[in-house]
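Here are the chains, one letter per residue:
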Amino acid sequence: MIMAKAPKPGRVKTRLAQGLPTAVVTALYRCLLDDTIALAQSLRTVEIAIMCPASDINDLACLAGEAVSVVAQSGEGLAAGLTSVFEHFAASGRQRVIAFNSDSPHLPASILENAFEALATCDVVVGPTHDGGYYLVGARASHPGLFEGDGMGKSNALEALLARIQSLGLSAQFADPFYDIDVASDLIRLDEELRVAPARSPRTAAWLAEWRQVLTQLQSDRVDL
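Everything in this summary refers to the structure shown in the same document. (Residues numbered from 1 in each chain as written. Predicted model: local features only at pLDDT ≥ 70, side-chain atom pairs only at ≥ 80, totals over all residues. Heavy atoms only, no water.)

Here we come to the overall build of the protein. Scanning the protein for helices and strands turns up eight helices and seven strands. In terms of overall dimensions, the protein is globule-like: its C-alpha atoms have a radius of gyration of 17 Å, near the 17 Å expected for 225 residues. Referenced to the eigenvectors of the C-alpha coordinate spread, the extents of the protein come out at roughly 50 × 40 × 30 Å. Within the protein, the fraction of its 225 residues that count as buried is 48%. In the protein, 63% of the contacts between residues at least 6 apart in sequence involve partners at least 24 apart. A total of about 10600 Å² of accessible surface is found on the protein, and carbon and sulfur atoms cover 51% of it. In the protein, 18 positive and 26 negative side-chain charges are present, and the distance between their average locations comes to 2 Å. (Helix = DSSP H or I, 4+ residues; strand = E, 2+ residues; numbered from the N terminus. Rg over C-alpha atoms; globule rule 2.2 N^0.38 Å. Buried < 20%, exposed > 50% of the residue type's maximum accessible area, 1.4 Å probe, protein only. Contact = heavy atoms within 4.5 Å. Areas by Shrake-Rupley, 256 points an atom, 1.4 Å probe, with all protein chains shown as cover. Lys, Arg positive; Asp, Glu negative; His and termini not counted. Charge placed at Lys NZ, Arg CZ, Asp CG, Glu CD.)

For the rest of this paragraph, the subject is the sheet that holds strand 7 (residues 172–174). A sheet is described by the order of its strands in space; here seven strands give the open sequence 3-2-1-4-6-5-7, paired in mixed fashion. Looking at which strands have only one partner, the edges of the open sheet turn out to be strand 3 (69–72) and strand 7. In this sheet, strand 3 lies alongside strand 2 (residues 49–52) in parallel orientation, the contact comprising four bridges. Within the sheet, the bridge partner assigned to Cys52 lies in strand 3 and is Ala72. Sheet contacts for helix 2 (residues 57–64): strand 2 and strand 3; angle to strand 3, the most-contacted strand, approximately 165 degrees. (Pairing = 2+ DSSP bridges. Axes fitted to C-alpha atoms, helices over the stretch in contact; angles between N-to-C directions.)

As far as function goes, none of this settles anything; it's purely spatial.
Structure (structure tokens):
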């Protein structure tokens, strides 16, 4: 399950928009989402879907194509979306469900495959980010309250999630630590990686190649600070 929003100006990657034009950031998010869908489709024997706000259903259905189902979450915010993932899919008989974010197409497919395998022996699998959040969470069942009050993107989200896993008496394993694309330094790091291996995320790599001069200036500004 990919957690996504429709690529609309002012609604996606808002922290990046502090240093790049809004329309440019929106185009970047579209590339990230397209490549993330392609990443998910590279896995064998895995059903793929997108969970999104109800207002984004039509836009994302057009973007994703017929091979990917799009499901409206119940409630507002990422925590509500994550809760909806497991209520909708685990409750309907899927025994291993993984939700991951829409801005990590550079994630190795092996991490997703290993996360599915981990769920054979634990209740929850979590993929931590280096900034205190998490990019992936999987479970074998719906656990009410597991995501209460937080979401993937917050700096204390991982700590809060682990505390609730413990309080619910669930077993957990970790996927490899990784990073998602929230701020300019993340984008600069991604650009450096995709220069070497653009096939990992070809649409995003093409976008980065077009805007590399701007990213170079952003990196220079960081050094000056």
